[in-house]
Amino acid sequence: MIATILPRPIAWVATVSPDGVPNLAPFSFFTGICANPMTVCFAPVNARDGKKKDTLINIELTKQFTVNIVNEANVGKMNRTSAPFPYGVNEFEKAGATPVPSAKIRPFRVKESPVSYECELLQIVRIGEGALAGNLIIGKVVMLHCEDALYNAGKIRHQDLNAVGRMEGSWYARTNDAFELPRPEI
């Protein structure tokens with residue numbers, strides 16, 4: 001599946017433990033759901049030993065998270081946060097990423113990300129049990145942050161965002177090889 005659903009956008013998700021320890025990890029099962037209310041989802045799968053990932057644990061306990069967009073400028077830092085650090089380790093520090101306070105929720109945003117979504121949990125849908133089972137996290141966007149340089153005349157262009165997508169294994173894709181195909185009119 002991961003070699004054929006390509007490229008997958010990356011949700012670089014920041015959470016915080018109830019004790020205040022920041023967590024930061026990437027997830028490539030990620031997409032937007034709808035615009036009203038603005039809603040996103042991502043799916044952290046259980047670890048190979050069946051245990052929940054830190055991000056899922058924190059969201060279950062705090063009901064909040066940020067989704068930070070990965071681009072060519074921050075992809076190296078994002079990759080460092082994919083390491084299997086033990087629960088309670090601050091991945092912002094390990095990756096050299098800069099935490100920025102959010103406006104409406106407790107988890108930080110990533111300063112190096114050009115677009116960030118502050119989200120409140122709507123629902124977790126459990127899919128399967130044990131190793132590699134899924135946990136679909138659905139969040140309502142309560143605040144959107146975008147670098148001023150990206151927001152031009154009410155639009156964000158993919159050419160300016162330079163987002164990165166996940167392929168299979170250690171492969172990633174750039175989004176700068178795009179083509180336009182207008183919808184047909186009836």
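Reading the values: rules and limits
Residues numbered from 1 in each chain as written. Predicted model: local features only at pLDDT ≥ 70, side-chain atom pairs only at ≥ 80, totals over all residues. Heavy atoms only, no water. Helix = DSSP H or I, 4+ residues; strand = E, 2+ residues; numbered from the N terminus. Rg over C-alpha atoms; globule rule 2.2 N^0.38 Å. Buried < 20%, exposed > 50% of the residue type's maximum accessible area, 1.4 Å probe, protein only. Contact = heavy atoms within 4.5 Å. Areas by Shrake-Rupley, 256 points an atom, 1.4 Å probe, with all protein chains shown as cover. Lys, Arg positive; Asp, Glu negative; His and termini not counted. Charge placed at Lys NZ, Arg CZ, Asp CG, Glu CD. Salt bridge = Lys/Arg side-chain N within 4 Å of Asp/Glu carboxyl O. Phe/Tyr/Trp six-rings, centres within 6.5 Å; stacked < 30°, edge-to-face > 60°.

Student: Just give me the short version of the overall build of the protein chain, but keep the residues and values in it.
Tutor: The number of helices and strands found in the protein chain is 4 helices and 14 strands. Relative to its length of 186 residues, the protein chain is compact, with a C-alpha radius of gyration of 16 Å against a globular reference of 16 Å. Overall, the protein chain is about 50 × 35 × 30 Å in size when its C-alpha atoms are taken along their principal axes. The proportion of buried residues among the 186 residues of the protein chain is 41%. For the protein chain, restricting intrachain contacts to residue pairs at least 6 apart in sequence, the fraction spanning at least 24 positions comes to 62%. In the structure as shown, the protein chain presents an accessible area of about 10800 Å², 55% of it carried by carbon and sulfur atoms. Between the mean site of the 20 positive side-chain charges and the mean site of the 18 negative ones, the protein chain shows a separation of 3 Å.

Student: Describe in detail the pattern of salt bridges, supporting the description with residues and values.
Tutor: A full pass over the atoms with the stated rule returns 5 salt bridges. Of the charged contacts, one joins R174 and E72 as a salt bridge, the two residues approaching to 3.4 Å between their closest N and O atoms. Pair noted here: R174 is in strand β14 (residues 172-174) and E72 is in the loop between β6 (64-69) and α2 (75-80), with a separation of 102 residues, a long-range link. Residues joined by salt bridges that share partners form a network here, namely K52, E60 and R126.

Student: Account for the packing of aromatic side chains, naming residues and giving values.
Tutor: One pass over the full model with this rule turns up 3 aromatic pairs. Taking the centre distance of 5.4 Å and the plane angle of 70° together, the rings of F42 and F65 count as edge-to-face. Here F42 is found in strand β5 (residues 38-42), whereas its partner F65 is found in strand β6, with 23 residues between them in sequence. By the burial criterion, F42 is buried, and F65 matches it. Between F92 and F108, the ring centres sit 6.1 Å apart and the planes meet at 75°, which makes this aromatic pair edge-to-face. Taken together, the residues span a long stretch of sequence, with F92 in helix α3 (residues 91-95) and F108 in the loop between β7 (99-100) and β8 (109-110) at a distance of 16 residues. The exposure class assigned to F92 is buried, which follows from its relative accessible area of 2%. By relative accessible area, F108 is classed as partly exposed at 27%.

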